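What follows is the residue order along each chain.
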Amino acid sequence: MGIVRLARSGAAMAAFCCVALSPFFGSEARADETVEWSDQDYALYPPFCRVKLTNGPPAEIDRWIKQMGRDNFMHIHHYCFGLKAMSLAYASYSDKKVRSYYARSVVTNMKYILQNTKPDFYMRPDALISLGRGYLLWNDPNKARGAFEQALKMKPDAVDAWVALSDMFYDNGQRGEALKVLEDARTHAGDHRKIMLRIEQMQAKK
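Quick look at the structure, then. (Residues numbered from 1 in each chain as written. Predicted model: local features only at pLDDT ≥ 70, side-chain atom pairs only at ≥ 80, totals over all residues. Heavy atoms only, no water.)

**Comments concerning the overall build of the protein chain**
(1) Moving on: Helices and strands together make up the secondary structure of the protein chain, namely twelve helices and zero strands.
(2) Moving on: Along the protein chain, helices and strands appear, N-terminal first, in the series α-α-α-α-α-α-α-α-α-α-α-α.
(3) Moving on: Burial statistics for the protein chain: of 206 residues in total, 45% are counted as buried.
(4) Moving on: Partitioning the intrachain contacts of the protein chain with sequence separation of at least 6 by distance along the chain shows that 59% fall at a separation of at least 24. (Helix = DSSP H or I, 4+ residues; strand = E, 2+ residues; numbered from the N terminus. Buried < 20%, exposed > 50% of the residue type's maximum accessible area, 1.4 Å probe, protein only. Contact = heavy atoms within 4.5 Å.)

Written as structure tokens, this is what we have:
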């Protein structure tokens, strides 16, 4: 009963936050899109999102509690909200106002995860990577870099963090630095397909 109550209260709180923010970003961004999920949404995101947001089935709740830890599972819906907000931000990329609205939701939800989950929670590096991407969508590359680098301190072989950091430099015109990041990535994560593909693409554009 406690988990169900917390899930509902968490969703209500997130919905309130989105509604409260909407006047600052205009009516273009629907406040309910991040917290209201369809069957199609559940198919796109990690399976624990469906379990947490629909409060069941009980056996699946127990399985995810066992895997994540009760205290971490209690808050994981914010990670799900952040992922959906990021998809909506990318889908609205050309509209700066709407993109900023959803980027702020990414940052808010991922910071919530980092502030409320246990220090040893295995998903914290993923939350930091998503936080960094949220900052990039919000046009704050300095904070994005800090989030990616913090993720790599926790998990040096986090391929997505290396790639995101490299892409950030590349998009800023720092191609040499971007390539150097990928070479460092090979040292820590090996010749991963994502890393090697980025290196090939950058070398081809020289």
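**So, the nonpolar core**
Side chains that are nonpolar tend, in soluble globular proteins, to be buried together.
(1) Moving on: With 62 residues, the main nonpolar core has W37, F48, M68, F73, I76, Y79 and L131 as its most contacted residues.
(2) Moving on: Non-local contacts of I76, meaning those with residues more than four positions away in its chain, are made with F48, K52, M68, I113, F121 and M123. (Core = buried A, V, L, I, M, F, W, Y, C linked by side-chain atoms within 4.5 Å.)

**As for the packing of aromatic side chains**
Between two aromatic rings, the relevant description is the distance of the centres plus the angle of the planes.
(1) Moving on: For the structure shown, the criterion picks out six aromatic pairs.
(2) Moving on: Look at F48 and Y79: their rings are 6.2 Å apart centre to centre, the planes differ by 45°, and that puts the pair in the tilted class. One end of the pair, F48, is in helix 3 (residues 47-54); the other, Y79, is in helix 6 (residues 77-91), with 31 residues separating them in the sequence.
(3) Moving on: An aromatic cluster of at least three residues, connected via ring pairs, comprises W37, Y42 and Y45. (Phe/Tyr/Trp six-rings, centres within 6.5 Å; stacked < 30°, edge-to-face > 60°.)

**What to know about helix 9 (residues 141-154)**
(1) Moving on: If you check helix 9, its first and last C-alpha atoms are 20 Å apart, about what 14 residues at 1.5 Å a residue would give, namely 20 Å.
(2) Moving on: Residues of helix 9 that are buried include every one of A144, A147, F148, A151 and L152, and no others. For helix 9, the buried positions fall inside an angular range of 135° around the axis, keeping them on one side. The exposed set on the far side of helix 9, more than 90 degrees from its buried face, consists of N142 and K153. (Expected span 1.5 Å × (residues − 1). Arc of directions from axis to C-beta.)

**Regarding the state of the cysteines**
(1) Moving on: This structure, assessed with the given rule, holds one disulfide.
(2) Moving on: A sulfur-sulfur separation of 2.1 Å characterises the disulfide bridge that pairs C49 with C80. The sign of the -95° torsion about the S-S bond sets the C49-C80 disulfide as left-handed. With a gap of 31 residues between them, C49 in helix 3 and C80 in helix 6 connect regions that are remote in the sequence.
(3) Moving on: The class of C49 is buried, set by a relative accessible area of 0%. (Disulfide = S-S within 2.5 Å.)

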